[in-house]
Each structure stands twice: as C-alpha cells, then as structure tokens.
Amino acid sequence: MRICSLGSGSKGNCIYINVEGQGIVIDNGLTCKELDSRMKSVGLELCDIKHILVTHDHSDHIKGIGTLARKINATIYAHPQCFGVIKGRLGDVDYCGDNDNYENGFNIGGIYIKPFRTPHDATYSVGYRIEGEGKSFALATDLGVVTDSILKHLSNTDLTIIESNHDIQMLKRGSYPMQLKFRILSNRGHLANIETAKAIEALAPTCKRFLLAHLSEDNNLKELAYKETSTALARIGATTGDIMLDVLDQYVPSKIYDI
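Now for a description of the structure that goes with this document.

Describing the overall build of the protein chain
Thinking step 1. Secondary structure summary: the protein chain contains nine helices and 14 strands in total.
Thinking step 2. Relative to the globule expectation of 18 Å for 259 residues, the C-alpha radius of gyration of the protein chain, 17 Å, shows essentially globular dimensions.
Thinking step 3. The principal-axis extent of the C-alpha atoms belonging to the protein chain is close to 45 × 45 × 35 Å.
Thinking step 4. Across the 259 residues that make up the protein chain, the buried fraction comes to 56%.
Thinking step 5. Accessible area of the protein chain: about 11,000 Å², with a carbon and sulfur share of 48%.

Concerning the packing of aromatic side chains
Thinking step 1. Taken as a whole, this structure holds three aromatic pairs when the rule is applied.
Thinking step 2. Relative to Tyr95, the ring of Phe83 lies with its centre 3.7 Å away and its plane at 5°, an arrangement referred to as stacked. With Phe83 in helix α4 (residues 80–90) and Tyr95 in strand β6 (residues 94–95), this pair connects stretches of sequence that are 12 residues apart. This pair shows no difference in class: Phe83 is buried, exactly as Tyr95 is.
Thinking step 3. Above the face of the Tyr124 ring, Arg117 is positioned so that its terminal group lies 3.7 Å from the ring centre.

Remarks on the pattern of salt bridges
Thinking step 1. According to the stated counting rule, one finds eight salt bridges in the structure shown.
Thinking step 2. Note that Asp258 and Arg2 form a salt bridge whose closest N and O atoms lie 2.8 Å from each other. With a gap of 256 residues between them, Asp258 in strand β14 (residues 257–258) and Arg2 in strand β1 (residues 2–7) connect regions that are remote in the sequence.
Thinking step 3. Among the salt bridges present, the one from Glu217 reaches Lys11, with a minimum N-O distance of 2.8 Å. Taken together, the positions of Glu217 in the loop between β12 (209–213) and α9 (222–235) and Lys11 in the loop between β1 and β2 (14–19) put the pair 206 residues apart, joining distant regions of the chain.
Thinking step 4. You can call Lys11 partly exposed: its relative accessible area is 47%.

Quick notes on the rules
- Residues numbered from 1 in each chain as written.
- Predicted model: local features only at pLDDT ≥ 70, side-chain atom pairs only at ≥ 80, totals over all residues.
- Heavy atoms only, no water.
- Helix = DSSP H or I, 4+ residues; strand = E, 2+ residues; numbered from the N terminus.
- Rg over C-alpha atoms; globule rule 2.2 N^0.38 Å.
- Buried < 20%, exposed > 50% of the residue type's maximum accessible area, 1.4 Å probe, protein only.
- Areas by Shrake-Rupley, 256 points an atom, 1.4 Å probe, with all protein chains shown as cover.
- Phe/Tyr/Trp six-rings, centres within 6.5 Å; stacked < 30°, edge-to-face > 60°.
- Lys NZ or Arg CZ within 6 Å of the ring centre and 35° of its normal.
- Salt bridge = Lys/Arg side-chain N within 4 Å of Asp/Glu carboxyl O.

Next up, the structure:
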C-alpha cells in the first residue's frame, strides 16, 4: 500500500492511495493541471487513478473532482445524500450509484472501503478506512470532535491521517469574525491541535504512523501542531523511534509512504 498527500488544507485537499494495483484518491480540491503537476513531481501519473472517494461537499474537497473523473474515466463514490448536493457541480460523471447502506462498507476488487460518519457542518460527511494487501489505512479530516466510534475506525492501522486544524489561542486572537470562530470551535467544526493530540495518544498503542492534516494557514503553525502531539506522546512514554509523526502541507506533496 502506497499513500501520498497531494495537498492538505483549505485551498485544496487530495490524498492518493495505491493498493492492490489500483489508484484511489480521497477528494480533489485541486485543478487537474495542478494535481497533474504535483503527482508528476513525486513520480505518479493521473492515469494511475481509477476511483475517487468523496468525504463531503465543501469546495476545497470537491471542486476538481468532476473534471478529473471525466479526464481519466474514474468512478466516483460518495454517500447518496452527499452526491445529491454535489452532482450539479460535478457535471456528467460515472457515479457508483445510490447506496443507502454506504456506511456498511463495500469492495473495489480486493480492496475493502469502510466509510464512517464524521461530525462536520456538511451534508453527510465521512472519513474512510481502507484495507488491502494485508494493510490498513484511515483518514479523518474536517471533524469537530473525535467520538469513540471514530477512534475505533482509526485504530489498528498501519497509517492514519487525522486533522490538526488550529491552535485555539491563535484562533481566538485572530481576525476571523466571531461567527466563524464559533463554527470552527464547535462540535461540527474542526479539530484543535490539543484535541488531535489526545486522539493520537489514545490511538498510539495500536498505530505507529500518523500524518497531521488540514492545518489552518491563519490559525496554526506546523511547529505547534507537531509539538502538541509529540508532547502528548512523550507523556505516555512514546519516542520518535516508536511513532512516525509528520505534518502534511497545503502546497507541497508529501513523500510517498510505503506501508
């Protein structure tokens, strides 16, 4: 299983996974031109993508999906409630079909896909757990709180991507309107660094690789996100030798993680 972030943040998100010889992206908030450029910079090609999974309907996750799907003849998978909201923005695409039991999971070839509900101010927002080749990967971004159910889906993975969106004090002192601050801080908003750190502390006994995602450019710093989680891990006796911890970038693709 190979995993690469092509962009993570409010200006466009896209995660690439290759498993069982099939390329999958979770979301695409980038233009095809930009996505193509970023993929080539790490030795990947657009034609590697066969399937597109959608987490939710916000533009930084879906604005490039329609064009990408048509360009490479990829199939789109999304909960029917989510797809009902976005289909007008995507145009003519190959949709996997309405599946009211979407959260029960489904198979793509030898790959098992398990969507799980995430609390966010969007129409039917989900994260994903992907299993294949004897490996497992999970992603949860754009969520206001980490529930016990979400922790279960993120546990026992070979690599987990989780949001570490903002530093609470930076957000409170920042220039955002109060209404927007309340939205971000709510249980249907975004995770603060301290909340992410607590979640990773709980997951650390069963997971050894974590990527911090969807950092706010205005209300966070990579150094703050990394320090919050690494400090939490140190409290339980975990060292950098025990746990891999990286921070994803908005503009620069990550390395390819082979697991």
